[in-house]
Number of protein chains: 2
Amino acid sequence: MKTYTLISILILATFGCKERTIADEKNYPTIPVKEVVLDSLNHPWSIAFISNVEALISEKDGDLLRVNLESKEKQIIKGFPTDLTDSIRAIHFGDNSGIFDVLVDPDFKNNQWVYVSYTAKKAFGTTTKVIRAQLKNDALTNHQTLIEAAPFTREYYHYGGGMTFGTDKKLYVTIGERLFWERDEPEIPIAQNVTDKRGKIYRINPNGSIPKDNPDFGPDAVLGLYAMGIRAAQGITVEPRTGKIWFSEHGTIQGDEINILEAGANYGWPNVTSGKLRSKDYKPPTIEGVAFTPPAWFWSHTVAPTGLTFYTGNEFSEWKNNLIVPGLSRGSLWRFRIENETIESAEELFIHDRVRSRKVMQGPDGKLYMLTDEDDGKLIRIQPKIYSKTQ
Amino acid sequence: MKTYTLISILILATFGCKERTIADEKNYPTIPVKEVVLDSLNHPWSIAFISNVEALISEKDGDLLRVNLESKEKQIIKGFPTDLTDSIRAIHFGDNSGIFDVLVDPDFKNNQWVYVSYTAKKAFGTTTKVIRAQLKNDALTNHQTLIEAAPFTREYYHYGGGMTFGTDKKLYVTIGERLFWERDEPEIPIAQNVTDKRGKIYRINPNGSIPKDNPDFGPDAVLGLYAMGIRAAQGITVEPRTGKIWFSEHGTIQGDEINILEAGANYGWPNVTSGKLRSKDYKPPTIEGVAFTPPAWFWSHTVAPTGLTFYTGNEFSEWKNNLIVPGLSRGSLWRFRIENETIESAEELFIHDRVRSRKVMQGPDGKLYMLTDEDDGKLIRIQPKIYSKTQ
């Protein structure tokens, strides 16, 4: 028997050490590959996980859905606000309208609050609106309007609509400037006017009330104002290590940027930009005594960066705490390694597998997903593939 | 005794498994950091390792050196060709002249052959020259001229001079086109003229004779011609997995490229470029019946890519078989992941630690080094730093 015990221990010991193949793998690259989890989504814009396998997905030109990543079941959420308009229902040149971001409350399990941004219409125009409602039996109930970025206009671009909860449990929201041409700017540019709701970033309480510790932009400033000088920001996310909020912004001719959100900051649009203005004869008015906050990063080509996220999973160890940024125009995925507030390296991924990408999101189990902005939009899982010696 | 044996086995097994801390590290990123190995180099251009700790370094504006990476000793190699000229000794606007690449023979231990490219001068101008000589007692002896890219002209730009041995043991050499402005092109552009030695890539035997299996460019073609349509290529290297040769090329206004070398290929300069021509009124003549080979990659901003290399070391497991490219203008380092001949991802490294970089080279022990193009030029080792939980 003793011999058998010895052999058993040896086998066990050997088996235990077999797991060291993980160590061996350290010598082989882990590369990202795409796996389609769901398709037939109508230009999906955002995703909010309810569990490891269930999520809400907002379709820009469709519905708010509850989806199951395993059974592939899709359920349309009823009770979406009736003032919604999208670029299918109301066709205008370059129309960006539709459903944008969806978030669930940090305490969703207990309170069922869901936050949605979308294009709301009135008789003579549209604007960005943020509501919350409680999700019960696949229907939104108890709707509350949190932000309505009046005026309603016939400019159908750059609604913004990015949302994130800060580590302070406040809701941060991007509202776009809505113009396409700078020549259409009023005397005080929209994003530089503290009395205009557009071209700003907001910080509000989850119920829509205004936090007392918001920055002071003076007595005439719109309520909830947190930062200004924004052109077209969609992606906004929290860096888990630091609590800092980062957001992406679309430039005009180049000038796509990554910015770090600071209370009271002015990001300069249209007075300063890392790109070029579209209207060559337009000269922004001089604004005295303002320090414009420069971007943390800008591209010299068009990327159209959107719903970014910080990666904290374990599948791609080299990506730990990196910022992942999808892009509509360029169609690749960007990975930024950051030390404090400095971008140390920037990697363009999927260069030969490009697709318009709206959103990157990490699931609660640390898996990484992306949404593609297509008629047949997809939820894609970014899988790690470990190279073997034979490759 | 049996109990002791059992305990010993258990201890051994446990000890064996302890090495799994390497596996733990799989969960933390490995980041590159710079460590200066040697300084006070006079615009170093290239490095050829003789052993793990000894190498030859060519200084563009100085000497050919033998250096010891541990003792830091530098020894000037005597007997360098006397027709050398550099941008210090002969000052002209934008002068690129000097010592360029240095290679040692694959069988260096037995034959001591060293290959050097540099700017040679005659009374009325300069050109790129490639010689080989035997290194004995820190002196070059038994000089042989392999290539002399006549004519000697007063254009002091774009000498090329990149060299590599192929897996076929042939010597591949880049010779630049030498013009700064396209308006100075002759009727048949230099790089498109098979009778002109400039703007070409050569394949020769180590003794300067011409391999019989070189591509056929017709009876008037210059000897050793392997590919044409080159503007200003410096970096040239072999991909160890495939034996393919890759080279970097400087564009004009943008248009910096990475190309894959193919026998008989025409890379298109100045008829096609991924950048813009400097002389706006210049129109290259139509060239009939020629298929131009597109680059594997081009940048939309200026990088000035130079001495590239494939990484096959183990210190950066995620970089295995990746192409590493330094740049003079941009000053960062680029890492390309390649599948077959397709670039899958591109990472810009050291974004906030930029320095003009001329050459990246892997030592025989797999360590990665770079040379900085400065008055106080440096040999830098790129060290792996593994992040711990606390970071």
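Residues numbered from 1 in each chain as written. Chains lettered and ligands numbered in written order. Predicted model: local features only at pLDDT ≥ 70, side-chain atom pairs only at ≥ 80, totals over all residues. Heavy atoms only, no water.

Identification of chain A as Quinoprotein glucose dehydrogenase (PQQ, quinone) from Flagellimonas maritima is taken from an unreviewed UniProt entry.

S.K.: Please explain the UniProt feature "domain: Glucose/Sorbosone dehydrogenase" (unreviewed entry) in chain A as it appears in this structure.
M.R.: UniProt records the feature "domain: Glucose/Sorbosone dehydrogenase" (unreviewed entry) for residues 41-381 of chain A in the present numbering. This span, residues 41-381 of chain A, is 1% helix and 38% strand, and a straight line between its end C-alpha atoms measures 15 Å. (UniProt positions renumbered as here; feature names shortened; annotations may be inferred. Helix = DSSP H or I, 4+ residues; strand = E, 2+ residues; numbered from the N terminus.)

S.K.: Please explain the pairing of strand β19 (residues 323-326) of chain B as it appears in this structure.
M.R.: Looking along a regular strand, one sees the side chains alternate between the two faces of the sheet. All names here are of chain B. The alternating pattern of β19 places Leu323 and Val325 on one face and Ile324 and Pro326 on the opposite face, and all of these are buried. Both strand β18 (residues 309-310) and β19 contribute to a ladder of two bridges, which runs antiparallel. Across the sheet, residue Thr309 finds its bridge partner in β19, namely Ile324. Summarising the sheet, β19 and strand β20 (residues 333-339) pair through four bridges and their orientation is antiparallel. Note that in β20 the partner of Ile324 across the bridge is Arg335. Hairpin connection, β19 to β20: the antiparallel pair is bridged by six residues, and Gly331 has positive phi, about 80°. (Buried < 20%, exposed > 50% of the residue type's maximum accessible area, 1.4 Å probe, protein only. Pairing = 2+ DSSP bridges.)

S.K.: Explain the sheet that holds strand β13 (residues 225-228) of chain A here, please?
M.R.: Within a sheet, each strand pairs with its neighbour through backbone hydrogen bonds, oriented either parallel or antiparallel. Residue and element names in this part refer to chain A. Pairing in this open sheet of four strands is antiparallel, and the strands run β10-β11-β12-β13 from one edge to the other. Since the sheet does not close on itself, it has two edges, and those belong to β10 (160-165) and β13, each with one partner. Each strand axis lies, on average, 20° off the axis of its neighbour in the sheet, ignoring direction. (Axes fitted to C-alpha atoms, helices over the stretch in contact; angles between N-to-C directions.)

S.K.: Which parts of the structure should I look at to understand the packing of aromatic side chains?
M.R.: For any pair of aromatic rings, the description rests on two quantities: the centre-to-centre distance and the angle between the ring planes. Enumeration over the complete set of coordinates arrives at 36 aromatic pairs over all chains. Ring geometry for Tyr157 of chain A against Phe180 of chain A: centres 5.2 Å apart, planes inclined by 45°, an arrangement best described as tilted. Residue Tyr157 of chain A is located in the loop between β9 (139-148) and β10, and its partner Phe180 of chain A is located in the loop between β11 (171-175) and β12 (200-204); the two are separated by 23 residues in the primary sequence. Given the relative accessible area of 13%, Tyr157 of chain A is considered buried. Measuring from ring centre to ring centre gives 5.1 Å for Phe247 of chain B and Tyr267 of chain B, while their planes differ by 90°; the resulting arrangement is edge-to-face. Of this pair, Phe247 of chain B sits in strand β15 (residues 245-249) while Tyr267 of chain B sits in the loop between β16 (257-260) and β17 (297-298), placing them 20 residues apart in sequence. As far as the burial class goes, Phe247 of chain B and Tyr267 of chain B line up, both buried. Taken together, the ring pairs connect Trp297, Trp299, Trp334 and Phe336 of chain A into an aromatic cluster. (Phe/Tyr/Trp six-rings, centres within 6.5 Å; stacked < 30°, edge-to-face > 60°.)

S.K.: Sorry if this is basic, but what is going on with the pairing of strand β24 (residues 377-386) of chain A here?
M.R.: All names here are of chain A. Summarising burial for β24: seven of the 10 residues are buried, a large majority. Here strand β1 (residues 30-41) pairs with β24 via nine bridges, running antiparallel. Across the sheet, Ile31 pairs through a bridge with Lys385, a residue of β24. Note that strand β23 (residues 368-372) and β24 share four bridges and pair antiparallel. Each residue of the ladder has a partner; that of Tyr369, found in β24, is Arg381.

S.K.: Looking at this model, I keep getting lost on the environment of Gly161 of chain B. Mind explaining?
M.R.: All names here are of chain B. Position of Gly161 relative to the elements: it lies in strand β10 (residues 160-165). Looking at Gly161, the relative accessible area reads 0%, which means it is buried. Apart from the residues within four sequence positions on either side, Gly161 is in contact with Trp45, Phe100, Asp101, Ser117, Thr128, Thr174 and Ala233. (Contact = heavy atoms within 4.5 Å.)

S.K.: Is there a simple way to think about the side chain of Arg358 of chain A in this case?
M.R.: Looking at where Arg358 of chain A falls in the secondary structure, it is placed in strand β22 (residues 357-362). Every residue in contact with Arg358 of chain A, bar those within four places of it in the chain, is listed here: Pro44, Trp45, Lys60, Gln234, Thr306, Gly307, Pro326, Leu328, Leu371 and Asp373 of chain A.

S.K.: Help me understand the side chain of Glu348 of chain B in this model?
M.R.: Mapped onto the secondary structure, Glu348 of chain B falls in strand β21 (residues 342-349). For Glu348 of chain B, a relative accessible area of 3% corresponds to the buried category. Among the polar contacts made by the side chain of Glu348 of chain B, one reaches the side chain of Ser332 of chain B at a distance of 2.7 Å. Every residue in contact with Glu348 of chain B, bar those within four places of it in the chain, is listed here: Trp297, Glu344, Ser345 and Ala346 of chain A together with Arg330, Ser332, Leu333, Trp334 and Arg354 of chain B. (Polar contact = N/O pair within 3.5 Å; in protein donor to acceptor, adjacent residues only side chain to side chain.)

S.K.: What should I look at first to understand a positive patch on the surface in this one?
M.R.: Taken together, the side chains of Lys276 and Lys280 of chain A together with Lys276 and Lys280 of chain B make up a positively charged region of the molecular surface. Of note, Lys276 of chain B is situated in the loop between β16 and β17. (Patch = residues over 30% accessible without salt bridge, like charges linked within 9 Å, V, L, I, M, F, W, Y side chains within 5 Å. Areas by Shrake-Rupley, 256 points an atom, 1.4 Å probe, with all protein chains shown as cover. Salt bridge = Lys/Arg side-chain N within 4 Å of Asp/Glu carboxyl O. Lys, Arg positive; Asp, Glu negative; His and termini not counted. Charge placed at Lys NZ, Arg CZ, Asp CG, Glu CD.)

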